[in-house]
Each structure stands twice: as C-alpha cells, then as structure tokens.
Amino acid sequence: MLPVYQAVKPNPLQDANLCSRVFFWWLNPLFKIGHKRRLEEDDMYSVLPEDRSEHLGEELQGYWDKEVLTAEKDAQKPSLIKAIIKCYWKSYLVLGIFTLIEESIKVIQPLFLGRIINYFENYDPSDSAALHTAYVHATVLTVCTLFLAILHHLYFYHVQCAGMRLRVAMCHMIYRKALHLSNAALGKTTTGQIVNLLSNDVNKFDQVTIFLHFLWAGPLQAIAVTVLLWMEIGISCLAGMAVVIILLPLQSCIGKLFSSLRSKTAAFTDVRIRTMNEVITGIRIIKMYAWEKSFADLITSLRRKEISKILRSSYLRGMNLASFFVASKIIVFATFTTYVLLGNVITASRVFVAVTLYGAVRLTVTLFFPAAIEKVSEAIVSIRRIKNFLLLDEISQHNTQLPSDGKTIVHVQDFTAFWDKASETPTLRDLSFTVRPRELLAVVGPVGAGKDLQLLEDGDLTVIGDRGATLSGGQKARVNLARAVYQDADIYLLDDPLSAVDAEVSRHLFELCICQTLHEKITILVTHQLQYLKAASQILILKDGKMVQKGTYTEFLKSGLDFGSLLRKENEETDQSPVPGTPTLRSRTFSESSVWSQLSSRPSLKEGTQEDQTTENVQATLSEESRSEGKVGLKAYKSYFAAGAHWLIIVFLMLLNAAALVAYVLQDWWLSYWANEQSALNITVNGKGNVTETLDLNWYLGIYSGLTAATVVFGIARSLLVFYVLVNSSQTLHNKMFESILKVPVLFFDRNPVGRILNRFSKDIGHMDDLLPLTFLDFIQTFLQVVGVVAVAVAVIPWIAIPLIPLAIIFFILRQYFLETSRDVKRLESTTRSPVFSHLSSSLQGLWTIRAYKAEQRFQELFDAHQDLHSEAWFLFLTTSRWFAVRLDAICAIFVISVAFGSLILAKTLDAGQVGLSLSYALTLMGMFQWCVRQSAEVENMMISVERVIEYTDLEKEAPWEYQKRPPPTWPHEGVIVFDNVNFTYSLDGPLVLKHLTALIKSREKVGIVGRTGAGKSSLISALFRLSEPEGRIWIDKILTTEIGLHDLRKKMSIIPQEPVLFTGTMRKNLDPFDEHTDEELWNALNEVQLKETIEDLPGKMNTELAESGSNFSVGQRQLVCLARAILRKNRILIIDEATANVDPRTDELIQKKIREKFAQCTVLTIAHRLNTIIDSDRIMVLDSGRLKEYDEPYVLLQNKESLFYKMVQQLGKAEAAALTETAKQVYFRRNYPDITHNGPVVMNAFNGQPSALTIFETAL
C-alpha cells in the first residue's frame, strides 16, 4: 500500500543557522504563505527524522521491553517510569541548565534596578562618575532583559518538543499493544478506555515536561530571593515570605475543591451529552411520537444540575485568579507594614527592589511550582494507567502456512468454545464438520444459537462481520462481501451478509457472488435466509451452541424436517450478549471503509453487485460545515453579553473593572509618594544637622491599608461578577439552541451528521461553560495591568509616548499578521488529530478483520503516518507561537530600554520614587504583555464556539406543535386516509420523492406498500407525518393534515419504526414518557408482546435503568417494545415500517400475529421488504421512483403477468412464488366469496395465513 502522505516539504529547521534558530527566522516563508492564502496540509513541513513516530515508538518500546524482562528476572512489577527516564534523561537534563540561567537572571535584575534608583536618591548633578556607573547599570539591566526574552522562548520550544516526543512514543506503543491484545484482555478493556488513553492520558506528557524543572528551580529561587531581601530590608522580608507560604496551601486547597467539583460536573455533563446524542440520533422517532416536550424537560433538568455545579467551580476559579492578581499587593503590604512598624525608614530603592524580587519569586512559587506538582501527579496517574494497559495479555503469534496445492480443507472435530474464559456455559459445544474446496456449508439456527464465527483465528482465511455503519444496512453488507472477495483467500467465513438487503439484491449477491465467484473456494455461510439452503453442499444446524443436525438439503427434505420451526426458539431470551471486543458502538466512521478500499488490491468483480443508485437519502447531501473565516464579529460579543445579564449589570461590571485598575495602581503610587516625602524630609533635615524626622505614620499607613483593601475587594468582586455573567450566558444560549434544535425540520438532521450537531452541545458549550469565562477574565485582568503600566510610564516620563506610538502600530500589524497563519495552523492541528482517533477506533472495531487479513503491520504503519502528520501540525503550532512571542518580547524590551535610558537622560526633573515605579512596572511587562496578547487570541478563538452556538439558536422552524384550531379529541374515528395529488420533497431544492400521488385508503383497511429501495415507500410516511411539508392535500377523516398542529397530528398515528429505538432511562419512561397510563395498562401491553417475564426478571422491574439506548435488549426485543408502545396508544391508524430485517422468524411471526389481533379495527399501512408479510393485505400499493404504479388486491395484481408486483414475486424463486400466489388466492376467495370454500392442496396454518414450510417444498417438488 502506498504511504498515506507523500512528498512533504523538507523541514527548514534542519539546515537553519544559529541566528535563524534563535529568532525563528526560518519560519518567515510559512507566514508569507499564510498571509496570502489559507494554509493546507501540503504546506506543512515534514517531521524531523528524530521526531518520527516509528523511530520514537520503537526506541521507547525497546527500553520498556528490557524493563519488563529485568522485572521478570527479579520477580518485581515492571515500572514504565523507569523506562521513560532511561530513554530521555540525557536530553532533558541539558534543558535544566537553561532553567537555572533563566531563573538566576530574574533574581539579578532587581539588584541593578536598585542601583539605578540609588543614583536618583543620592542625585548630584556634578558627579559624572556616578552617572557613568548608572549608565552601565542601565545597560546591564537591558541586556538581561533581552537575554531573558530570547532564552525563555528557546527553552520553552525545546521542553514542548520533549513533551511531544514522549507523547508520540507512548501513542505508538499503545496502538501497537491494542493490535496484539488477546481475547481475554479485550474483555477487560473497552474501546472507550483505549481511545481515552490516546486522547486524554498522553496529553499530560505535553504539559508535564514544561513545568518539571520548576520542582527544583522553585525552592532554589525562593531561598535566593529570601537571602537577597534579608540583605536589603532585614527581618521584615519574612513577613512577605510568610504570605507567600500561606497562599500556597490556600491555592492548592481551592484546587482540590475545584477538582472534586470538576469530576461531579463531568458526570452530569456526560449524562447530558449522552442523552443529547440519543435525542439527535432518535430525532425522527421523537418527532413521530411527538415526544419533544418530555425530552426538553429531561435535558433542562440535567442542564440545571450541571450549571449549578459549574457556577460553584467557576466562583472558586474566580477566587483563585483574583488571589493571584492581588497576591503581590498583599505580600508587599505585609512586608512594608512590618518594616515601618519596626521603626525603619522607607526608601524608594528598597521598596522597588523588594517589589521586583517578590514579582520574580511569586510567579515561580505560586504558579509554576504548584503547576509542576499537579502536572507530575496527573502524569504519574496516566503513566500507571498506560502501564496497566501495556501489561495486558497478548495473543500468541503463530504463523500457520496452509498447503498451497489447493488441497485446503476445513476440518473441525469435537470443538467447544467460550466467548470468555470466565463464563460457565460454552458458546459452542462439540462441533464436528469438514468442508472441502468448492463446497458451501450453510449454518442456521435461532437468535443466540452460537453462530458467531471467530473459531478460526489464523491461517489464510477471511471473516466478514456485519458491522460497518456509513451505509444503509444493505450497502454495508455489500461492501463487506466485496471486500472479502477481493482478498482471494482459500477459505471464506460469511457471517450473515444477506439479511440486511432486500430480496432481489440478496438473491443477486447469493447467485453471483457466493455461488459463482467463490465457486472454487471453501465457503462457510451463516444465515437466517432459508431460501438459499438448497444451494449448499451441506447444512449444519445449531441450537443453544450444540449441533442439532448435519446433512444435505435433500436429506433434510426426506427426513421431513421443518426448517421454519428450527429457527424458532422455545423461550425467546435476550440475544447473545455482544462479543467482548466487537464493540457494540455503531459509530459512523467513514474511515473504516476507506481504509479497506485502499486495501482492495485485486481488480474489482465486473459481474459483482450493481448497486441501485437511487437511495432514498439522496436529499441528505452533507453540507460542508460552515467555518467562520477571519475575525469574530462584534455582534457575537454583543449577543454573548446580552444573553448573560441586563445591560445595567454590564455597565456596572465595566465601572468595577475601572475601579479595580485605579486601586491597583494607586497602591503602588502611594508607596513611591511616601518614599519621596520621606527622602525630601531627610534632605531638609540634613541641612540643619542629622535629626531624622519621621512622617505621620498613621496617616500614610492608614491610606496604604485602605488602598490595599480596596484592591483586594474590587479584584474579587470583579472576578465573581464576570464568571456569573458569562456562565449565565452559556446557560441561556444552550437553552435557546436546544429549543431551536427540537423545532427544526428533520431535513436538518439528514444534512448535518450527528457528530456535528453534538459537537455544538459538547465541545462548544463546554468551552463556554469552562474555558471561555476563565480566559476572558484572565485577559481582562492582564489587559488592565498592561494599560496601568503604560499609563504610569507616560505619567512619569511624558515623552515615552513618542516611541510608544510606533511600537503600538508595529504590534497591531504583527498580531494581525500572526493570527492569519496561526488560525490555520490551529485548524490543521485539530483536523490532523482526528484521523489518529478514528483510525484507532476503527482498528479496534475491525480488530478481528485486521488479524484475519494479517494486516497488523500495515495498520501500524498507517497509524504512524497519521501520527507524523499530526506531529507536523503540532510542530508548526509550537514554533509559530514562539516566533510571535520572541517578537512581542522584543517590543517590550525596547520599551524597557527607553524607560531606563529616558529616566537617566531626564534625571534632573525626576525623583527616585517615580523612576522606581515606572521602571519596576516596565519590567513586569515582559511576561505579562505576551500573556495578555496570547489570551486575547484565545478569547477570539473561543468566541468562534459562541458564534457557532448562536448560529444554531435561530434555525428555520417546522410548523407549530399546536394551532388554535384543535381537532376533536375522538378524531380520527374511522381512519380513512386520502392522498390527493401529493408531491413531496425533503428540501426546497431537492428532487421530488413522491410525484402526483393520489390514493384512497378506506377505514380499517390493511394496505401493504412495496417497491424497490428508494421507490418512495418511507417518503410516503414522512409526508403523512409532515416531517417535511407535502404539496397537495392529505385528509384523515375529513380533516386536512396541514391545518392542525404537528403534535395533534402525530399523536394520533402510531408507528412501528424500522430501526427500533429505546432511550436511556427506565422501561416505564420508554413506554409512556408523559405518565398517561396506569401500571396495569403497561403490564398488559408488555404481556401482549411476551416481554412481561423478561421485564419482571430485571432488578427494578419496569423502573430498571436501561443501558445506553437499550443495548441490553436484542433487536427483536426492542422491536417488541415499539409494538407495545403502539398497543398502548390505541390509535386508529398504525404504520409499520418493515421492522423485520434483523429479526429471527419467530419474533417476526409474533409481531405479525399481534398486529392482526390487536389492530383488526385499525387502518394499517405496512412498508414491506419481505413479501410474505403483506401477501394477505386487503390491497397493495406498488411504488416506483415516487409514482404510484399499481394499487389493488394482491391476487388481482398477480393475475397480470406484466405487473411490477408479479415480477417482484417471481424474483423470489419458483417455490416461494407459487406459495405466495396460493396464499393470495385463498385470501382473495375468502374475502370476496366467503361461501365457496376453496379446496386446494395447501393446508393453511390457522393463525398466520401462511402455508407451513414443509408443504411449500412439496409444491416445489
């Protein structure tokens, strides 16, 4: 197979020079492209050779294998952490030196700042030596600043790369393991868990490497700062340090509370999204049953619980952010209050050296150090989970070569198998059979009889499962069959590929594909379809996992065995529980089929299956997801805030923010003012001899305390209010979106895949609940601080405004330029990530198939290719953000330089306090400005989520649920349906799927509706239920359906849908969501459909919670529940969408019988694929490409050799056709000439109007 991605651009980093590497110049060409047009996948640079998934994975795998071996020798448990350390310690240690240098510079910087301020305190215009020294200090300060700017980003880039390497290597190992898991191991884990390892657990490695070095750098830096402060201001520094140390446990406490709330919230969110998923997948049924209100209440109550938890955790986060914002103020306040109260005199140099030193240590100690601890503990948990997964059992690798001389045979002797070693009862017992080339063995038996087919695990053979899910059931089956035939193996195991398609296609597949193409091969076919048994060379009949009989078709006929009865099971119990490791997820991944289409290496079968192209879902062309290009409009922000609170509150919030900023700046300004007053006093006193006068302490300290308190109060109030408004807004928009989704026409759900709609409710709402408020608040805080810094600098040195203006212009141009590219890189990163997951989940679903085809190596390579593609995007994501950051810090460095040298040039007019304030503020700008810009871009990115949600709040609506004009409660009394020239299309621009349909269905009439796939059978029902508005008129009992509300219409017709849908919740809710019936009525209905015992055996009887979408019931049982719903509704009109495709004949028979009994007085419309279910109808409608071609009694239609119906019956083969014609004849005579009893050779089965199976064959012979 070809490599998945070829001919990528070579990576320019490989031969970039030092300068280019430091400033990330090698990325410039990429930005130029991004500026001109959207970036596409082929613009990305190829992965560096040392970052390739295969290389990294095999390297780490080697260390891990060694570790496992040594552990086995020493009888210990192997440690994955050891393997990781052995693999990566050298390269990571080098980065530690970077950390050391960087943190040292941060500690040295404030000392030079102090020296500069000293010069101003002892300012003497005549002393030129002092001025020179000051210039030297200023130069050192700016060099430090520049050095920091460059070093920091290089360091960050390399640690993030280290994280990426570890993550990629882990993913490779996890996937490799998944391909080799044994059956028992698969039972212990689920697809969900493995996907979770790949999506969440490995992401911890990306973060842990960033902070790991701060585990030792943090405490070291704290010690160094304490020593320096002690030298500056003596013992008072301990007061400040004490605050730092108190804040640490406080923050971790809030963090713990937060994570416990987070897990509770996550549980609510999961339930809400799962329910949402069911609503979207089952929306057709919900609409036809008119159950929207019940689900609306359910979702609303779930969402309310979720939001109350989210608000609480948001307030905690708000407190945490606010505490971080005011911490520096409290630390400085504690230090200097102690300092002054101990009788010391405040000076500007001491104040601002302390402020800056605290600034350096506070980041490390209160942000990076706790983050390091948190990320390390998270990573250890993840590593433990991955280790447990890597230690699961693998299947033993043994390669058996089959003889190549065409002498292959399959011989099974006394074979017993279990799905799971732990279960007592074997799935298969004592099987023995032999199949030779050119033979077809058919395996039949009732549901749960044990025809599952993984008995042959190796060798040159082919398994066809019947789980794919992009296509209609029928198309799935055909793709699978074709896929197997392409493989050209010697042995074919076919697992019921024929049941999902209609009769004609099924016959076509059987004759052309199974009988002709596979003619030379050994073929084993498992089937429910009895009409093909006569072509089999031998037949094996299973029941309860035992072999009942084995023989040829003619032998069975002679022994007078009744095939039909074989497929009935005395007590219909639940279906065989789904196989561990064949996930029951019916996820709609397109990737699986596309992977296989790449595998089809043989030329396609020309005479293979001709697909009937006219499927009914033509109208559901999937529209490309609208992705808003460029900027987020102001309108989005406006509606976002408006949804959150009244505009008065918004205005109040703005004022609060302004107040917080003013208090923040004033608190520092007061210190500098105090220091200036103090030094002015000292100077005047010095003239009259050395008596230090003290200022009025109470006044200065009092105002200082007041300002500190104001800063704290405003800071916290602002945080909480922002969270309140934004979370509220998320709640409002979610409800609006949900309401609008419930009222949108069904077409919308055909056009938009489930995932896309669900994404709005999961990812986008998740962003709005969680990340957006946090990022928004963070952005507001840092933005206001930046404004404060610049304002102070301009106030102190007005001419700073001159360089500021060009810097600001450069900054805005740069930001715009960067965002053009970064948006695309981010998009590419997320689009290249999804193939990794979909490849994993489709591999897990097709695991048996992959092993049977011996394709593990190929899939591993494919996985590595997907990983490498994602690494390309991730690499660009890391480097582009660093490119921008370096340039931003350059702007800040220029600002610092101009403040430092500017103040020296203007030394005459400035006092020490002002210089200290403006310089220390300018230094804080370094990291902060950058963070501010990054958060602003983040906010803008996340506002896209808001835009997407708002887009879904006003979708087009279907007709109202209730009109003023309500039909009488007893309507429809007769159940007469009249179609008068009805045209029907799913969308305005779509093709007509019903054309000029005119028909009258009389009261109590039973009508069968037949036609090929895509003839418009289901569309007829859609028109009746007004799932889209029909043209022309449909009357039910003299009321026009278009003149009443949708609920009034839909509640009066019962439907038994094609795919039986159960919703998570209790059985009770599933039968009667509005509590309209008594328990007795519900039990009676369950009794009618023979589910009473099954439900009574459940622990909570009718109030037992069902598994997700009722997966603990078999398809047949779910179908019976749908029948029970219809029985409960007691409507005059029943519509059955042929639900018998995947149901064994016994359940089918039960359903048919109940319908004849319970609905004798109703008008019944049945859409049928199997003609025997409707041959005894009063009349039959034959549709062909949307037109009504024939409409008459079945027997009358069969008399006309030209009729479509006659041709359809003939296609079933002679025997079946004769039997059906006979039945039709009997019914016709019984209905029209009841006094003449028609004596024929066929004995009728009393209850279901079908000849017994045995007699059919006699007629056939």
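See the structure shown above.
Sequence order as written defines the numbering, with residues in each chain counted from 1. Given that this is a predicted model, residues contribute local features only at a pLDDT of at least 70 and side-chain atom pairs are listed and counted only at 80 or more, while totals for whole chains, interfaces and linings are drawn from all residues. Water and hydrogen atoms play no part in the side-chain values, which are based on all heavy atoms of the structure.

Student: Just checking my understanding: could you explain the sheet that holds strand S12 (residues 1031–1036) for this structure?
Tutor: A pair of strands is treated as paired once DSSP finds two or more bridges between them. In this text, helices come from DSSP runs of H or I with a minimum length of four residues, and strands from runs of E with a minimum of two, each type numbered from the N-terminal end. A sheet is described by the order of its strands in space; here 4 strands give the open sequence S10-S9-S12-S13, paired in antiparallel fashion. Edge positions in the sheet fall to strand S10 (994–1001) and strand S13 (1039–1040), since each has one partner strand and no second. One ladder, built from 5 bridges, connects strand S9 (residues 977–984) with S10; its direction is antiparallel. Within S10, the residue paired with Phe984 across the bridge is Leu994. Contacts are assigned to residue pairs that have any heavy atoms within 4.5 Å of one another. In this description, a line fitted to the C-alpha atoms serves as the axis of each element, helices being fitted only across the stretch in contact, and the angle between N-to-C directions of two axes falls anywhere from 0 to 180 degrees. The strands touched by helix H28 (residues 1017–1024) are S9, S10 and S12; relative to S9, the strand with the most contacts, the crossing angle is about 110°.

Student: Just checking my understanding: could you explain the pattern of salt bridges for this structure?
Tutor: For side chains of opposite charge, pairing can occur when their charged atoms come near one another. Counted as salt bridges are all cases of a side-chain nitrogen of Lys or Arg within 4 Å of a carboxyl oxygen of Asp or Glu. Applying the stated criterion across every chain, the model contains 40 salt bridges. A salt bridge links Asp206 to Arg167; the shortest N-O distance between them is 2.5 Å. Of this pair, Asp206 sits in helix H8 (residues 203–211) while Arg167 sits in helix H5 (residues 128–180); the two residues are 39 residues apart in sequence, bridging distant segments of the chain. Both residues of the pair, Asp206 and Arg167, belong to the buried class. Between Glu1005 and Arg1179 there is a salt bridge whose closest N-O contact spans 2.8 Å. Here Glu1005, found in the loop between S10 and strand S11 (1006–1010), pairs with Arg1179, found in strand S17 (residues 1179–1184); they are 174 residues apart in sequence, far enough to count as distant. Exposure is judged per residue with a 1.4 Å probe applied to protein chains only, and the accessible area is read against the type maximum: over 50% gives exposed, under 20% gives buried, and values in between give partly exposed.

Student: In this structure, what is going on with the environment of Tyr704? I would like to understand it.
Tutor: Looking at the element boundaries, Tyr704 is found in helix H21 (residues 697–742). Taking the relative accessible area as the measure of exposure, Tyr704 reaches 0% and is therefore buried. Linking Tyr704 and Leu666, residues 38 residues apart in sequence, is a C-alpha distance of 9.1 Å.

Student: When you look at the nonpolar core in this model, what are you seeing that I'm missing?
Tutor: Generally speaking, a soluble globular protein has its nonpolar side chains buried in company with each other. With 280 residues, the main nonpolar core has Trp674, Phe895 and Phe979 as its most contacted residues. Looking at which element gives the most residues to this core, the answer is helix H27 (residues 912–953), with 20 residues. All domain edges in this entry derive from an automatic or database-based domain assignment. For this core, the domains that each give at least three residues are domain 1 (50–392 + 641–683 + 694–952) and domain 3 (977–1192). Filtering out sequence-adjacent residues up to four positions away, Trp674 remains in contact with Val340, Ile346, Leu695, Leu697, Tyr700, Leu701 and Tyr704. Working definition of a nonpolar core: buried Ala, Val, Leu, Ile, Met, Phe, Trp, Tyr and Cys residues. They are joined through side-chain atoms within 4.5 Å. Counting residues in hydrophobic clusters, the runner-up holds 18 residues, among them Val1182, Leu1197, Tyr1206 and Leu1220.

Student: So what exactly am I meant to see when it comes to the side chain of Glu958 here?
Tutor: Checked against the element boundaries, Glu958 lands in the loop between H27 and S9. When its relative accessible area of 12% is taken as the criterion, Glu958 is described as buried. We call two N or O atoms a polar contact when they sit within 3.5 Å, provided that within protein one can donate a hydrogen and the other can accept it, with sequence-adjacent residues counted only if both atoms are side-chain atoms. Separated by 2.9 Å, the side chains of Glu958 and Lys287 make a polar contact. Discounting residues that sit within four places of it in the chain, Glu958 has contacts with Lys287, Glu292, Leu742, Lys743, Val744, Pro745, Leu1046 and Arg1050.

Student: I tried to follow the pairing of strand S18 (residues 1187–1192) on my own but got confused; where do I start?
Tutor: Each regular strand carries side chains that alternate between the two faces of the sheet. Bridge count for S17 against S18 is 5 bridges, and the pairing is antiparallel. What sits directly across from Asp1184, in S18, is Arg1187.

Student: Any chance you could explain unusual backbone geometry here in plain terms?
Tutor: Here Trp971 and Pro972 are connected by a cis peptide whose omega angle stands at -10°. Counting through the fold element by element, Pro972 comes out in the loop between H27 and S9. Backbone geometry places Ala290, a non-glycine residue, at a positive phi of 55°. One can find Ala290 in the loop between helix H11 (283–289) and helix H12 (292–341). Relative accessible area serves as the criterion here: at 1%, Ala290 is assigned to the buried category. You will see that Arg1026, though not glycine, has its phi angle at about 55°, which is positive.

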